[in-house]
Amino acid sequence: MQQLVCLEPGTFAWKEAEKPVVTPGHSLIRIRKIGICGTDIHAFDGTQPYFTYPRVLGHELAGEFVEGDAPGIQPGELVTLIPYISCGRCIACRKGKTNCCRSIQVLGVHTDGGMTEYLLVPSSIVIPGEGLSADALALVEPLAIGAHGVRRAAVEPGEYVLVIGAGPIGVGTMAFAKIAGGHVIALDINEDRLRFCREELHIPYTINGKQEDVMEKLSVLTNGDMPTVVIDCTGNLHAINQAFAYMAHTARYVLVGLQKNEISVSHPEFHKREATLMSSRNATKEDFRFVMQCIKEGRIDPESFITSRLSFTEVAERFTQTVSEPTNIKTLIEVQ
């Protein structure tokens with residue numbers, strides 16, 4: 001079978017590999033669709049934390065169940081995967097927070113992922129597709145990231161929620177903040193992405209950080225209060241540090257985006273707000289189930305996020321060009 005391997009930053013190469021043999025506790029998945037996310041882009045660029053090379057990328061996956069002992073799933077059935085393999089023993093796992101397991105192994109990051117024709121995975125991470133399309137199933141994982149961030153923020157109806165970054169994770173976060181009843185404000189410096197937020201997600205308030213005074217616009221939109229929830233989905237150090245100034249008194253600030261370097265905050269300004277700073281890592285099975293339920297109920301349309309497609313054979317040649325298009329939100333790779 002064919003695999004696409006990221007040998008080092010900036011370099012993809014094809015590799016011929018043996019089709020995996022099924023072992024107890026594992027299931028064989030024929031990969032059908034792969035979503036490209038920021039993690040893959042940062043890995044290819046050489047800016048992804050917790051990463052080693054060579055690596056088969058890809059963790060936003062939809063596939064066809066071939067064989068194995070995943071309970072209740074029949075051969076040929078479409079599935080998605082929770083790409084976080086947890087130990088089940090550490091304090092996080094014992095508390096049900098398998099998304100931040102001390103020794104977590106993420107497909108496509110710590111261990112080889114889905115840019116391959118067949119993938120052998122622990123049966124515990126296989127989720128039945130429940131009638132959803134392969135396109136939708138490939139987007140469950142990135143949407144679950146946003147859903148988890150919103151759940152961490154405990155968004156309440158009527159709150160002003162500032163989401164910074166209108167990339168793939170950001171737009172999903174906005175969608176779930178809306179579902180939670182928040183008044184969502186989108187902040188980005190890419191006008192094409194802000195237009196997507198207005199036209200496709202019907203986000204009522206958008207701010208272009210290059211063209212507008214962010215502090216003034218936020219004050220006007222929130223009647224002088226400022227947002228009570230701020231969620232960063234950029235992973236950009238400047239954006240993360242700047243956003244502390246956007247917080248209302250009592251606000252919660254959730255970091256979904258990941259940054260290698262140290263963040264900086266004025267303690268007096270943070271302290272006087274009695275503010276809360278949280279990280280949000282990965283997602284849980286509960287988040288996956290919630291996302292799938294929202295898709296089935298028509299509360300979110302994941303396929304509207306797909307703005308470009310690549311065949312598996314085109315990825316090495318067209319990866320950088322496709323993901324760098326200013327209008328691109330989500331690229332889907334079609335394997336089989």
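In the block above lies the structure referred to throughout.
Only a predicted model underlies this, so the values are computations on that prediction, with no experimental measurement involved.

Visitor: Please clarify how the overall build of the protein chain should be interpreted in this entry.
Guide: When you go through the protein chain residue by residue, the secondary structure sums to 11 helices and 17 strands. Over its C-alpha trace the protein chain gives a radius of gyration of 20 Å, about what one expects of a compact globule, namely 20 Å for 336 residues. Along the first, second and third principal axes, the C-alpha set of the protein chain runs to 60 × 45 × 40 Å. When the 336 residues of the protein chain are sorted by exposure, 52% land in the buried category. Entry remark: accessible area of the protein chain is about 14,700 Å², with carbon and sulfur atoms responsible for 49%. Averaging the locations of the 31 positively and 39 negatively charged side chains of the protein chain gives two centres separated by 6 Å.

Visitor: Help me understand the pattern of salt bridges, please; the structure alone is not making it clear to me.
Guide: Counted by the stated rule, this structure contains 19 salt bridges. Here Asp135 makes a salt bridge to Lys33, at a shortest N to O gap of 2.5 Å. Of the two residues, Asp135 sits in helix H3 (residues 134-138) while Lys33 sits in strand S3 (residues 26-36), which places them 102 residues apart along the sequence. Judged by relative accessible area, which is 13%, Lys33 ranks as buried. A salt bridge links Asp192 to Arg195; its shortest N-O distance comes to 2.9 Å. With Asp192 and Arg195 both in helix H6 (residues 191-199) and three residues apart, this pair spans about one turn of that helix. Its relative accessible area of 29% is what places Asp192 among the partly exposed residues. Shared partners join several salt bridges into a network, and the residues in it are Lys33, Asp135, Arg309 and Glu334.

Visitor: Looking at this structure, how should I read a negative patch on the surface?
Guide: Together, Glu199, Glu200, Asp301 and Glu303 give the surface a local cluster of negative charge. Among the secondary structure elements, Glu303 is positioned in the loop between helix H10 (285-296) and strand S16 (306-311). Using a relative accessible area of 36% as the deciding quantity, one classes Glu303 as partly exposed.

Visitor: Explanation requested: the side chain of Glu60 in the structure shown.
Guide: Looking at the element boundaries, Glu60 is found in strand S4 (residues 60-68). The exposure class assigned to Glu60 is buried, which follows from its relative accessible area of 0%. A distance of 2.8 Å separates the side chain of Glu60 from the side chain of Lys330, its partner in a polar contact. Setting aside residues up to four positions removed in sequence, Glu60 forms contacts with Lys33, Ile34, Gly35, Ile36, Cys37, Ala138, Glu141, Pro142 and Lys330.

Visitor: Could you clarify how one ought to interpret the pairing of strand S11 (residues 183-188) in this entry?
Guide: Most of S11 is tucked away: five of the six residues are buried. Relative to S11, strand S10 (residues 160-164) is paired through five bridges, and the arrangement is parallel. Along S11, the bridge assignment pairs Val161 with Val184. The β-α-β motif built from S10, the intervening helix H5 (residues 168-179) and the parallel element S11 has right-handed crossover chirality. Of the strand pairs in this sheet, S11 and strand S12 (residues 205-208) are connected by four bridges, and their pairing is parallel. Bridging across to S12, Leu187 finds its partner in Ile207.

Visitor: Explanation requested: the nonpolar core in the structure shown.
Guide: A general tendency of soluble globular proteins is for nonpolar side chains to be buried together. Grouped together as the largest cluster of nonpolar side chains are 89 residues, with contacts concentrated most on Phe12, Met115, Met174, Ile231 and Phe305. Not counting residues within four places of it along the chain, the set of residues in contact with Met174 comprises Val163, Gly165, Ala166, Val184, Ala186, Cys197, Leu201 and Ile203. Tyr160, Tyr246, Ala251 and Leu255 belong to the second-largest nonpolar core, a separate cluster that totals 22 residues.

Visitor: Looking at this structure, I do not really get the sheet that holds S12. What am I missing?
Guide: The sheet built from six strands is open, its strands ordered S12-S11-S10-S13-S14-S15 with parallel pairing. Each having just a single partner strand, S12 and strand S15 (276-279) make up the two edges of the open sheet. Neighbour-to-neighbour, the strand axes of this sheet turn through a mean angle of 20°, independent of strand direction. Packing of helix H7 (residues 214-221) onto the sheet brings it into contact with S10, S11 and S12, and relative to S12 it is tilted by some 165°.

Visitor: What exactly am I supposed to notice about the environment of Pro168 here?
Guide: By secondary structure assignment, the location of Pro168 is in helix H5. Between the C-alpha atom of Pro168 and that of Lys330, which follows or precedes it by 162 residues, the distance is 6.0 Å.

Visitor: Mind showing me how you'd approach the packing of helix H4 (residues 140-153) against H10 here?
Guide: Pairs of packed helices are described in terms of their axes, by the angle between the two and the distance that separates them. Look at H4 against H10: their axes get within 8 Å of each other, and the N-to-C directions meet at 110°. The orientation of H4 with respect to H10, classified from their angle, is roughly perpendicular. Judged by residue contacts, Val140, Glu141, Leu143, Ala144, Ala147, His148 and Arg151 of H4 engage Glu286, Asp287, Phe288, Phe290, Val291, Met292 and Ile295 from H10. Grouping the constituent residues of the contact of H4 with H10 by class yields nine nonpolar, one polar and four charged.

What counts as what
Residues numbered from 1 in each chain as written. Predicted model: local features only at pLDDT ≥ 70, side-chain atom pairs only at ≥ 80, totals over all residues. Heavy atoms only, no water. Helix = DSSP H or I, 4+ residues; strand = E, 2+ residues; numbered from the N terminus. Rg over C-alpha atoms; globule rule 2.2 N^0.38 Å. Buried < 20%, exposed > 50% of the residue type's maximum accessible area, 1.4 Å probe, protein only. Areas by Shrake-Rupley, 256 points an atom, 1.4 Å probe, with all protein chains shown as cover. Lys, Arg positive; Asp, Glu negative; His and termini not counted. Charge placed at Lys NZ, Arg CZ, Asp CG, Glu CD. Salt bridge = Lys/Arg side-chain N within 4 Å of Asp/Glu carboxyl O. Patch = residues over 30% accessible without salt bridge, like charges linked within 9 Å, V, L, I, M, F, W, Y side chains within 5 Å. Polar contact = N/O pair within 3.5 Å; in protein donor to acceptor, adjacent residues only side chain to side chain. Contact = heavy atoms within 4.5 Å. Pairing = 2+ DSSP bridges. Right-handed = clockwise from strand over helix to strand, strands pointing away. Core = buried A, V, L, I, M, F, W, Y, C linked by side-chain atoms within 4.5 Å. Axes fitted to C-alpha atoms, helices over the stretch in contact; angles between N-to-C directions. Parallel < 35°, antiparallel > 145°, perpendicular 65-115°, else oblique. Nonpolar A, V, L, I, M, F, W, Y, C, P; charged D, E, K, R; others polar.

So yeah, pure geometry; function would need other evidence.
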